[in-house]
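Spelled out from the first residue to the last, the chains are:
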Amino acid sequence: MTINRRGALGAALATTLAASLPVRAFAQGSSSGGNWPSKPIRIIVPYPPGGSSDIIARSISQPLSEALGQSVIIDNRAGANGNLGADLLAKAPADGYTLMLCDLGALAISPSLYPKLPFDPSKDLRSVGMLAYSPHLLVVHPSVQASTLKELVELSKKSDLNFAVTASGSTAHLAGIELQRKVGAKWEYVPYKGGVQAVLDTVSGQTQVLMNGMLATYPQVQAGKLKLIAVSKATRMPLIGSVPTIAEQGAPGYESGTWQGVVAGRGVPDAVIARLNRELTRIIRTPDIRARLAGQGAEVVTMTAPEQDQFFAKERARWAQVIKEASVKLD
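Residues numbered from 1 in each chain as written. Predicted model: local features only at pLDDT ≥ 70, side-chain atom pairs only at ≥ 80, totals over all residues. Heavy atoms only, no water.

## Here we look at the environment of Lys158
Stage number 1. By secondary structure assignment, the location of Lys158 is in the loop between helix H6 (149–156) and strand E6 (162–165).
Stage number 2. It is 8.8 Å that separates the C-alpha atoms of Lys158 and Lys186, two residues lying 28 residues apart in sequence. (Helix = DSSP H or I, 4+ residues; strand = E, 2+ residues; numbered from the N terminus.)

Below, the structure is given as structure tokens:
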């Protein structure tokens, strides 16, 4: 399976780097974090505003600013399935003042998809901590004559269905491919540059099928603009307990979703990572944020930095196998 990427990664990356915020060099010889933080902190979100990662980032930005005594700036740098933002982070000074909040795309999937990736997430980046999990929702435009996965699969074999994906090679895209292979569905993938536009085009009927993070998709279901077929979690979600999982509907063991974690440059001192993990874990677990996210379909799932490293390693292996078996290529 071959997908043509929109735009040239190199040109877009050059533009992104040229427009990046200025950063002051970290004090030489400090291995403990020194007086960090002594200036504003930037959190790169490598996707457009309004998506799952952006929602999480904006939920934590003000409490984190209050905890650290510095401004926290959300910097949306969309492009190339999160790779532009990740490369920007990899090339920024490893001083703890530039972080990234994103899902698995650039960290666990891109290494197997892009033959000339300009950064290596396992060498150039380090984990700070996991924050939340949002399952994918499998939804269709209300005009689609299917209300179950079985009906959707049968319809896909006799009708032309366009399947919107947040980006070529994104977690949702590969989750769709894995589902397609398990249940024998037939549809054409239409890649976008972020989840927001993929959702909007499915709402308008330009695409008929969508798999996307619940956090960014469920409001459209609540508004009656999208019809919910299934949830990708291993077990049913309390918020939508009547909706069966994909696994229940003919794909045993199937599970996917959007994991939001924070990463930093490889050379950021351990003391800075430890403090960030401590503050972020406390913030995301506060009752108001936990309740707000739960009401939108996201679960607070925290991990230490080493636990997140292990998680990403496991996910890289999982999606590398999916990519290999499906012969997915980006050119």
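Let's pick the thread back up.
## Observations regarding the environment of Gly69
Stage number 1. Take Gly69: it is sitting in the loop between helix H2 (52–68) and strand E3 (72–76).
Stage number 2. In sequence terms Gly69 and Pro37 are 32 residues apart; their C-alpha atoms lie 7.9 Å from each other.

## So, the nonpolar core
Soluble, globular proteins show a tendency: their nonpolar side chains are buried together.
Stage number 1. Residues Leu138, Leu152, Leu179 and Ile246 are the most contacted members of the largest nonpolar core, which totals 55 residues.
Stage number 2. No other element matches helix H12 (residues 305–326), which puts six residues into this core.
Stage number 3. When sequence neighbours within four positions are dropped, the list of residues in contact with Leu152 reads Leu138, Val140, Val144, Ala146, Leu161, Trp187 and Val209.
Stage number 4. In this structure, Leu68, Leu280, Ile284 and Val300 belong to the second largest nonpolar core, which totals 32 residues. (Core = buried A, V, L, I, M, F, W, Y, C linked by side-chain atoms within 4.5 Å. Buried < 20%, exposed > 50% of the residue type's maximum accessible area, 1.4 Å probe, protein only. Contact = heavy atoms within 4.5 Å.)

## Side note on the pattern of salt bridges
Stage number 1. For the coordinates displayed, the defined rule picks out 13 salt bridges.
Stage number 2. Measuring nitrogen to oxygen at the nearest pair gives 3.0 Å for the salt bridge that ties Arg282 to Glu279. Taken together, the residues span about one helical turn, with Arg282 and Glu279 both in helix H10 (residues 270–284) at a distance of three residues.
Stage number 3. Owing to a relative accessible area of 43%, Arg282 belongs among the partly exposed residues under this scheme.
Stage number 4. What emerges from the salt-bridge pattern is a single network uniting Arg42, Asp75 and Arg77. (Salt bridge = Lys/Arg side-chain N within 4 Å of Asp/Glu carboxyl O.)

## Examining the side chain of Arg77
Stage number 1. Position of Arg77 relative to the elements: it lies in the loop between E3 and helix H3 (83–91).
Stage number 2. A polar contact of 2.9 Å, which involves the side chain of Arg77, links it to the side chain of Asp75. (Polar contact = N/O pair within 3.5 Å; in protein donor to acceptor, adjacent residues only side chain to side chain.)

## Let's talk about the packing of helix H4 (residues 105–113) against H12
Stage number 1. Here H4 crosses H12 at 40°, and the two axes come no closer than 8 Å. Overall, the two elements H4 and H12 adopt an arrangement that is oblique. For the crossing formed where H4 meets H12, the hand is right-handed. Within the contact between the two elements, H4 uses Leu107, Ala108, Ile109, Ser112 and Leu113 and H12 uses Phe312, Glu315, Arg316, Trp319, Ala320 and Ile323.
Stage number 2. The residue inventory of the contact of H4 with H12, partitioned by class, reads eight nonpolar, one polar and two charged. (Axes fitted to C-alpha atoms, helices over the stretch in contact; angles between N-to-C directions. Parallel < 35°, antiparallel > 145°, perpendicular 65-115°, else oblique. Left-handed = near helix turned anticlockwise from the far one by under 90°. Nonpolar A, V, L, I, M, F, W, Y, C, P; charged D, E, K, R; others polar.)

## A short note on H12
Stage number 1. Across its 22 residues, H12 extends 31 Å between first and last C-alpha, which sits within 8% of the 32 Å expected from 1.5 Å per residue.
Stage number 2. Within H12, burial applies to Ala305, Gln308, Phe311, Phe312, Glu315, Trp319, Val322, Ile323 and Ala326. Taken down its axis, H12 places every buried residue within 105° of arc, on the same side. Summarising the geometry of H12, the exposed residues directed more than 90 degrees from the buried face are Pro306, Gln310, Lys314, Ala317 and Lys324.
Stage number 3. Elements in contact with the buried residues of H12: H4, strand E5 (125–140), helix H7 (171–183), strand E10 (257–265), H10 and strand E11 (299–303).
Stage number 4. Directly beyond the C-terminal end of H12, a positive phi value near 55° is found at Ser327. (Expected span 1.5 Å × (residues − 1). Arc of directions from axis to C-beta.)

## Observations concerning the pairing of strand E4 (residues 98–102)
Stage number 1. Most of E4 is tucked away: five of the five residues are buried.
Stage number 2. Residues of E4 alternate between two faces, with Thr98, Met100 and Cys102 on one and Leu99 and Leu101 on the opposite face, all of them buried.
Stage number 3. Judged from the three bridges that link them, strand E2 (residues 41–45) and E4 form a sheet pairing that is parallel. Within the sheet, the bridge partner assigned to Ile43 lies in E4 and is Leu99. (Pairing = 2+ DSSP bridges.)

## Focus: the packing of aromatic side chains
Each aromatic ring pair is characterised by the separation of its centres together with the angle its planes make.
Stage number 1. Under the defined criterion, the tally for this structure stands at six aromatic pairs.
Stage number 2. Relative to Phe311, the ring of Trp259 has its centre 4.7 Å away and its plane inclined at 55°; by these criteria the two rings are tilted. Placement of the pair is Trp259 in strand E10 and Phe311 in helix H12, with a sequence separation of 52 residues. With respect to burial, Trp259 and Phe311 carry one shared label: buried.
Stage number 3. Every member of this aromatic cluster is reached through a ring pair, and the members are Tyr133, Trp259, Phe311 and Phe312.
Stage number 4. A cation over an aromatic ring shows up here: Lys39 above the ring of Tyr97, its NZ or CZ 4.7 Å from the ring centre. (Phe/Tyr/Trp six-rings, centres within 6.5 Å; stacked < 30°, edge-to-face > 60°. Lys NZ or Arg CZ within 6 Å of the ring centre and 35° of its normal.)

## Some points on the packing of H2 against helix H11 (residues 287–294)
Stage number 1. With their axes 12 Å apart at the nearest point, H2 and H11 run at an angle of 170° to one another. Relative to H11, H2 is oriented roughly antiparallel. Each of Ile56, Ser59 and Pro63 in H2 lies in contact with H11, whose residues at this interface are Ile289, Arg292 and Leu293.
Stage number 2. Taken together, the residues of the contact of H2 with H11 sort by class into four nonpolar, one polar and one charged.

## What to know about the pairing of E10
Side-chain positions along a regular strand alternate between the two faces of the sheet.
Stage number 1. Across the nine residues that make up E10, a large majority, nine, are buried.
Stage number 2. Alignment of E4 against E10, held across four bridges, turns out to be antiparallel. For Cys102, the partnering residue across the bridge sits in E10 and is Gly261.
Stage number 3. In terms of strand pairing, E5 meets E10 through nine bridges, oriented antiparallel. Paired with Pro135 across the strands is Gly257, a residue of E10.

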